[in-house]
Amino acid sequence: MNEGKCNIRVVGLPSSSDLENKSEESVAQWIKLKTREVALPSPFGKIVPGSNQDINSTTFRFNFSSPLLPESTYDYEYPSQKLSALRLPSIKGNPPIDPSLFVARRCCAPSGSVQVPYTIFHRKDLPLNQNNKVLVEGYGAYGFNQELSFNIHHLRYLLDGWVLLFTHVRGGSELGQKWHDDGRQLKKENSIKDLLATCDHVIASGISRPGLFAGASTSAGGLLFGGSINQRPDLFKAVSLRVPFVDVITSMSDPNLPLTIHEYDEWGNPSESQEISDSLSKIDPYLNLTRLGDMGNSDFPSLYLTASICDNRVPYWQPLKYAARVR
């Protein structure tokens, strides 16, 4: 996750004779010599390897997209080190929308003892004052990285003068396995702290102010944003949560639900550990709505919630219970 740099490394596969009777050190040196770094068209984005039907091919095909670039297809020819664009779709408009009108930056926000990376996109001509609306997206669970892929809705926000903020909180794997471990089970609250730290850093940078943030996430991201708005209800004006995981203690205490036992590794088992129960209760979005109401807080943001009858990960009654208590 380097500022202004997005590369992939392509390694030529060895034959059996290349590695025959070679020491581990020799193999490592061989791999180093056969590794090529390929610069990509944007400093930030999402890479998906393409299919390869020929095991002897010297060409690596991949797809690349970013919030400013629709998914494009490239071939990298290993012997010649040549990168060729096979498909470069334009963003339709009248006139066509030029990605160079926008800027992307990687920043870091202090959160306790760590620096939390986040990525922002906005128009180049946008005045960076405290009057900008900011759309925040994050997930922070299961070691999944916050993807920076193309979404036409994001582009509409950018054209309208919004700032897009993708926060890479602990619970994902952007900075390795420890980054995931530090955002699960007893350390799950770190994810929420990181999200709030990111927003505070944007405010301190003079880009926006409390009440001009909107949030959006899905499934396990419901805990991230639900816990955040309970702690800082004044920060967000509106939050969109699709099939959100917001009734944590109830779900993780019922082993009869389809995925509860399977999920213990990520969240812990509150039925067997009082420490886990106390830790999750502290950030449970549903439970803490009552405590928020007891404080008489009137700054709670507008919410858009969805539920799915067929979702076996987040049963439909979770968002329904949450919505009823919010009201």
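Rules and cut-offs
- Residues numbered from 1 in each chain as written.
- Predicted model: local features only at pLDDT ≥ 70, side-chain atom pairs only at ≥ 80, totals over all residues.
- Heavy atoms only, no water.
- 1 Å grid on protein atoms, 1.4 Å probe; cavity = no way out; pocket = protein on both sides within 12 Å on 5 of 7 lines; lining within 4 Å.
- Points joined across faces, edges and corners; volume = space filled by probe spheres on them.
- Nonpolar A, V, L, I, M, F, W, Y, C, P; charged D, E, K, R; others polar.
- Helix = DSSP H or I, 4+ residues; strand = E, 2+ residues; numbered from the N terminus.
- Disulfide = S-S within 2.5 Å.
- Buried < 20%, exposed > 50% of the residue type's maximum accessible area, 1.4 Å probe, protein only.
- Polar contact = N/O pair within 3.5 Å; in protein donor to acceptor, adjacent residues only side chain to side chain.
- Contact = heavy atoms within 4.5 Å.
- Expected span 1.5 Å × (residues − 1).
- Salt bridge = Lys/Arg side-chain N within 4 Å of Asp/Glu carboxyl O.

Colleague: Mind laying out empty space enclosed by the protein, listing which residues take part and the relevant values?
Modeller: Rolling a probe over the atoms, with the probe sized like a water molecule, indicates the empty space that remains. With the rule as written, the count across this model stands at 1 cavity of 30 Å³ or more. If you add up the space inside the largest cavity, you get close to 30 Å³. Forming the walls of the largest cavity are Tyr139, Gly140, Phe144, Asn145, Gln146, Thr167, His168, Val169, Gly172 and Glu174. Residues belonging to the lining of the largest cavity are distributed by class as follows: 3 nonpolar, 6 polar and 1 charged.

Colleague: Kindly report on unusual backbone geometry, identifying the contributing residues and their values.
Modeller: Of note in the backbone geometry, Gln81 takes a positive phi value of approximately 55° without being a glycine. Tracing the sequence through the fold places Gln81 in the loop between strand S5 (69–77) and strand S6 (82–87). With a phi close to 60°, Tyr142 is a non-glycine residue in the positive phi region.

Colleague: Describe the state of the cysteines, naming the residues involved and giving the relevant values.
Modeller: Summed over all chains, the structure comprises 0 disulfides. With no disulfide of its own, Cys108 has Cys107 as its nearest cysteine by sulfur position, at a separation of 7.6 Å.

Colleague: So what's going on with the side chain of Asp247? Residues and values would help.
Modeller: Turning to its location among the elements, Asp247 is positioned in the loop between strand S12 (236–242) and helix H7 (248–252). Under the relative-accessibility criterion, Asp247 is labelled buried at 1%. Polar contacts involving the side chain of Asp247 include one to the side chain of Lys321, which spans 2.7 Å. When neighbours within four sequence positions are excluded, Asp247 is seen to be in contact with Asp284, Tyr286, Trp317, Gln318 and Lys321.

Colleague: Which residues make up helix H5 (residues 189–204), and what values do they have?
Modeller: Look at H5: 22 Å from first C-alpha to last across 16 residues, which is about the 22 Å you get at 1.5 Å a residue. Within H5, 12 of the 16 residues are buried, which leaves the element mostly enclosed by the surrounding structure. Within H5, burial applies to Glu189, Asn190, Ser191, Ile192, Asp194, Leu195, Leu196, Ala197, Thr198, Cys199, Val202 and Ile203. After H5 finishes, the residue Gly206 shows a positive phi value of roughly 80°.

Colleague: Give me the lowdown on the pattern of salt bridges, citing residues and values where you can.
Modeller: What the rule picks out here adds up to 15 salt bridges. Notably, a salt bridge pairs Asp75 with Arg61, separated by 2.8 Å at the nearest N-O pair. Taken together, the residues Asp75 in strand S5 and Arg61 in strand S4 (residues 59–66) connect sequence positions 14 residues apart. Accessibility expressed as a relative area gives 38% for Arg61, which makes it partly exposed. A salt bridge links Asp247 to Lys321, with the shortest nitrogen-to-oxygen separation between them at 2.7 Å. You can see Asp247 sitting in the loop between S12 and H7 and its partner Lys321 sitting in helix H11 (residues 317–326), a full 74 residues away along the chain. Given a relative accessible area of 27%, Lys321 falls into the partly exposed group. Residues joined by salt bridges that share partners form a network here, namely Lys178, Asp182 and Lys187.

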